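Given next are the chains, with one letter for each unit.
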Amino acid sequence: MLFDSGVGGLSVYDALRVALPDAPVIYAADFAGIPYGTKSEAEIAARVAGLLGRMSERFDPRLICIACNTASTIALGTVREVLEVPIVGTVPAIKPAALASKSGVIGLLGTQATIRQQYVDDLEREFAVGKTLHRHAAPGLVDEAERKLRGQAVNRAVLAEALQGLSEDSKGIWIDHVVLGCTHFPLLAEELMDVAVSELGWSPDTRFVDGAIGIARRIADRLDGQEFAKTGDNHFVITGPIERAAGLDAALSARGFAPALPF
Ligand code: DGL
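Below is a summary of the structure that appears in this document. Along each chain, residue indices are assigned from 1 in the same order as the chain's sequence is written. Local features are withheld for residues below a pLDDT of 70 in this predicted model, meaning they are given only at 70 or higher, and side-chain atom pairs are given and counted only at 80 or more; totals for whole chains, interfaces and linings count all residues. Side-chain descriptors were evaluated using all non-hydrogen atoms of the structure, hydrogens and water having been removed beforehand.

1. As for the sheet that holds strand S5 (residues 105-110)
With respect to topology, 4 strands assemble into an open sheet ordered S6-S5-S7-S8, the strand pairing being parallel. Among the strands making up the open sheet, the edge pair consists of strand S6 (132-137) and strand S8 (207-209). Neighbouring strand axes in the sheet, compared pairwise and without regard to direction, differ in orientation by 25 degrees on average. In this structure, strand S7 (residues 177-180) lies alongside S8, joined through 3 bridges in parallel fashion. The partner of valine 179 across the bridge, within S8, is valine 209. Strand pairing follows a simple DSSP-based rule, namely that at least 2 bridges must link the two strands. Starting at the N terminus, helices and strands are each numbered in turn, a helix being any DSSP run of H or I of at least four residues and a strand any DSSP run of E of at least two. As a rule, the C-alpha atoms of each element are fitted with a line to give its axis, helices using only the stretch in contact, and angles between N-to-C directions run from 0 to 180 degrees.

This is the structure we're talking about:
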């Protein structure tokens, strides 16, 4: 089972499909709770632990992936303590970005809640030694990804603002790797690259980095040796009124999901 506040976890799902093509997937989107990025740590931890508890009783999954950086950086420890099912989290891909960076300056785009986490301080201290990490909150990108998957036009001005915010923080030094530290953001990777290069004059050598492939591999490793028989469509369940899933059918069916159902 994959869990996120919204459609962002589909960026992890896309990588998982390649790593484990036959595993049946239940995707749970907490549309009644989105956005997580503006909530407090206590609210997010309580909400995620409560929902995942109820969901794991209902669906009895073999594994849960919290496909959300905000929920993972805040609630991974708590959820692991209270649930017996294996849990894989999603945290900003600072390590690969720092390893690949030549300019020594990397950027992190995430939600307001993610970028202030101790978890991120620890990743920076451990993996970005001798590098500079600039963090910038880009909540507008969450809405844009939600819109894009509903077939609506992406507002490029919102993308430009997020990238500009990051480059202002870097005071003109080239950020060669930008970590997309929210699972919604890789859904906009092409548009972000295009805006960065064609509107903001960033180098075409800039790289946007996310952790989806690594997470998919970790899930496959944790499930190694288990047999899967694909049983038809995957399931997409949402909290809140079903109207919130309006417009998602095409994005879901392209990924092998039946239309959304209420949780
Ligand atoms: N997709 C989520 C993440 O990875 C957060 C979006 C939200 O603010 O709800 O952080």
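2. Structural notes on the site of the ligand
For this purpose, a residue is taken to be near a molecule or strand whenever a single non-hydrogen atom of the residue falls within 4 Å of it. Neighbouring the ligand are 14 residues; Ser5, Tyr36, Asn69, Thr70 and His184 lie closest to it. Here serine 5 contributes a side-chain N or O atom positioned 2.6 Å from an oxygen atom of the ligand. A 3.5 Å cut-off defines polar contacts: any pair of N or O atoms within that distance qualifies, except that in protein one atom must be a possible hydrogen donor and the other a possible acceptor, and neighbouring residues in sequence count only when both atoms are side-chain atoms. One of the backbone nitrogen or oxygen atoms of threonine 183 is found 2.8 Å away from an oxygen atom of the ligand. Protein burial of the ligand: of its 310 Å² of free accessible surface, 99% is covered by the chains. Using a 1.4 Å probe, the Shrake-Rupley method yields the accessible areas, and only the shown protein chains count as cover for residues.

3. What about the pairing of strand S9 (residues 235-238)?
Pairing analysis gives 4 bridges linking strand S2 (residues 26-29) to S9, with the strands arranged parallel. Directly across from alanine 28, in S9, lies its bridge partner valine 237. Sheet topology places S9 next to strand S10 (residues 261-262); 2 bridges connect them, and they run parallel. Bridge pairing in S10 links valine 237 to leucine 261. Note on handedness: a crossover is taken as right-handed if, strands pointing away from the viewer, the path from the first strand over the helix to the second is clockwise. Between S9 and its parallel partner S10, the chain crosses via helix H11 (residues 249-254), and the hand of that crossover is right-handed.

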